[in-house]
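Remarks on the overall topology
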Amino acid sequence: MGQVLTAELSVKNYIEEYRDVQYFIELCKQCRNYGNSWLCPPFQFDAEALLTKWENALIVLCRFDLPAGEHRIEYAMSLLREKRAELEKRLLELERQTGGLCFGFSGECLCCKTCARIIGRQCVHPDKARPALEAYGFNVAKTVKNLFGIKMEWGKNGILPHTLSIVGALFHNCDQGEIIF
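Conventions we followed
- Residues numbered from 1 in each chain as written.
- Predicted model: local features only at pLDDT ≥ 70, side-chain atom pairs only at ≥ 80, totals over all residues.
- Heavy atoms only, no water.
- Helix = DSSP H or I, 4+ residues; strand = E, 2+ residues; numbered from the N terminus.
- Contact = heavy atoms within 4.5 Å.
- pLDDT = per-residue confidence, 0-100.
- Buried < 20%, exposed > 50% of the residue type's maximum accessible area, 1.4 Å probe, protein only.
- 1 Å grid on protein atoms, 1.4 Å probe; cavity = no way out; pocket = protein on both sides within 12 Å on 5 of 7 lines; lining within 4 Å.
- Points joined across faces, edges and corners; volume = space filled by probe spheres on them.
- Nonpolar A, V, L, I, M, F, W, Y, C, P; charged D, E, K, R; others polar.
- Salt bridge = Lys/Arg side-chain N within 4 Å of Asp/Glu carboxyl O.
- Phe/Tyr/Trp six-rings, centres within 6.5 Å; stacked < 30°, edge-to-face > 60°.
- Lys NZ or Arg CZ within 6 Å of the ring centre and 35° of its normal.
- Core = buried A, V, L, I, M, F, W, Y, C linked by side-chain atoms within 4.5 Å.

On to the side chain of Arg84. Structurally, Arg84 can be placed in helix H4 (residues 73-98). Residues in contact with Arg84, not counting those within four places in the same chain, are Phe105, Ser106, Gly107, Glu108, Cys109, Leu110 and Ile166.

For any part of a model where pLDDT is low, the fine detail of the predicted coordinates should not be relied upon. Chain-level pLDDT for the chain is 92 on average; 100% of the residues reach the 70-or-more range. Element-level mean pLDDT values for the chain span from 91 in H4 up to 98 in helix H1 (residues 11-18).

Its place among the elements puts Lys145 in helix H5 (residues 140-148). Classification of Lys145 as exposed rests on a relative accessible area of 52%. Taking the C-alpha atoms as reference points, Lys145 and Tyr18, 127 residues apart in sequence, are found 11 Å from one another.

In this approach the atoms are scanned with a rolling probe the size of a water molecule, which exposes any empty space left behind. Looking at the largest pocket, its volume works out to about 850 Å³. Along its surface, the largest pocket is lined by 36 residues, and Phe105, Ser106, Gly107, Glu134 and Trp154 are the ones closest to its centre. In the lining of the largest pocket, the residues fall into 25 nonpolar, seven polar and four charged. In this structure, the second largest pocket occupies an estimated 340 Å³ of space. In this structure, the second largest pocket is lined by 16 residues; those nearest its centre are Trp38, Phe45, Cys123, Ala129 and Pro131. Of the residues that constitute the lining of the second largest pocket, the class distribution is twelve nonpolar, two polar and two charged.

The tally for this structure, following the rule as stated, stands at six salt bridges. The salt bridge partner of Glu48 is Arg19, with a shortest N-O separation of 2.5 Å. Remark: Arg19 occurs in the loop between H1 and helix H2 (21-29) and Glu48 occurs in helix H3 (residues 47-51); sequence separation between them is 29 residues. Given the relative accessible area of 17%, Arg19 is considered buried.

This brings us to the packing of aromatic side chains. All told, the structure shown has ten aromatic pairs when counted by the stated rule. Note on Phe43 and Tyr136: the rings are 4.9 Å apart at their centroids and 20 degrees apart in plane angle, and the pair reads as stacked. Here Phe43 is found in the loop between H2 and H3, whereas its partner Tyr136 is found in the loop between strand E3 (101-103) and H5, with 93 residues between them in sequence. Like Phe43, the residue Tyr136 is buried in the burial classification. Centroid distance Phe103 to Tyr136: 5.2 Å. Interplanar angle 90 degrees. Geometry classified as edge-to-face. Within this pair, whereas Phe103 is found in strand E3, its partner Tyr136 is found in the loop between E3 and H5, the two being separated by 33 residues in sequence. The same class applies to Phe103 and to Tyr136, which are both buried. Taking the ring centre of Phe138 as reference, the NZ or CZ of Arg19 above it sits at 5.8 Å.

A few words on the nonpolar core. Among the nonpolar cores identified, the biggest contains 27 residues, and Tyr14, Ile59, Phe103, Leu133, Tyr136, Phe138 and Phe171 are the most heavily contacted of them. Elements with a minimum of two residues in this core: strand E1 (3-10), H1, H3, strand E2 (56-65), E3, H5 and strand E4 (163-172). If sequence neighbours within four positions are ignored, Phe171 has contacts with Val11, Tyr14, Leu51, Trp54, Asn56, Ala57, Gly100, Leu101, Phe103, Leu133 and Phe138. Of all hydrophobic cores here, the second largest spans 20 residues; its members include Val60, Cys62, Leu94 and Leu170.

In structure tokens form, the structure reads like this:
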């Protein structure tokens, strides 16, 4: 899966320090998935109530290097999907074991090519599909910098970064340190 790092903090602290709903909802509105994917806002439930029922947040960072000289976006996206599927599978296992709630990586849903939300239907895979932390207004770049001491790299002018990062989480009510990723 690449280099995997974890950090744990209280959900209350994570909300207070890393969540800016207004800022991120405006960014979400600029995306084609806004209102067209069950993984994206606007949500049809009280996100605040959902988040605050959990005591602890296990944040998981998976980092991996692109092979030297590899600059094709198609290759990077395929590698990203592969690593993301591994991360989300493990987070879903932990969700089932703990009764918690996991968060996947932002972007497209890996379960369906076209989301049922577009045609007014409920999610076809509610057992697997999970929104990203960003969809709930969490600042993932700040999370990675402050919790792991790593500045996320971004592509620029069609040039990919050397290292790709994906971030997921598990919100749960177990004792801190009890869950091993």
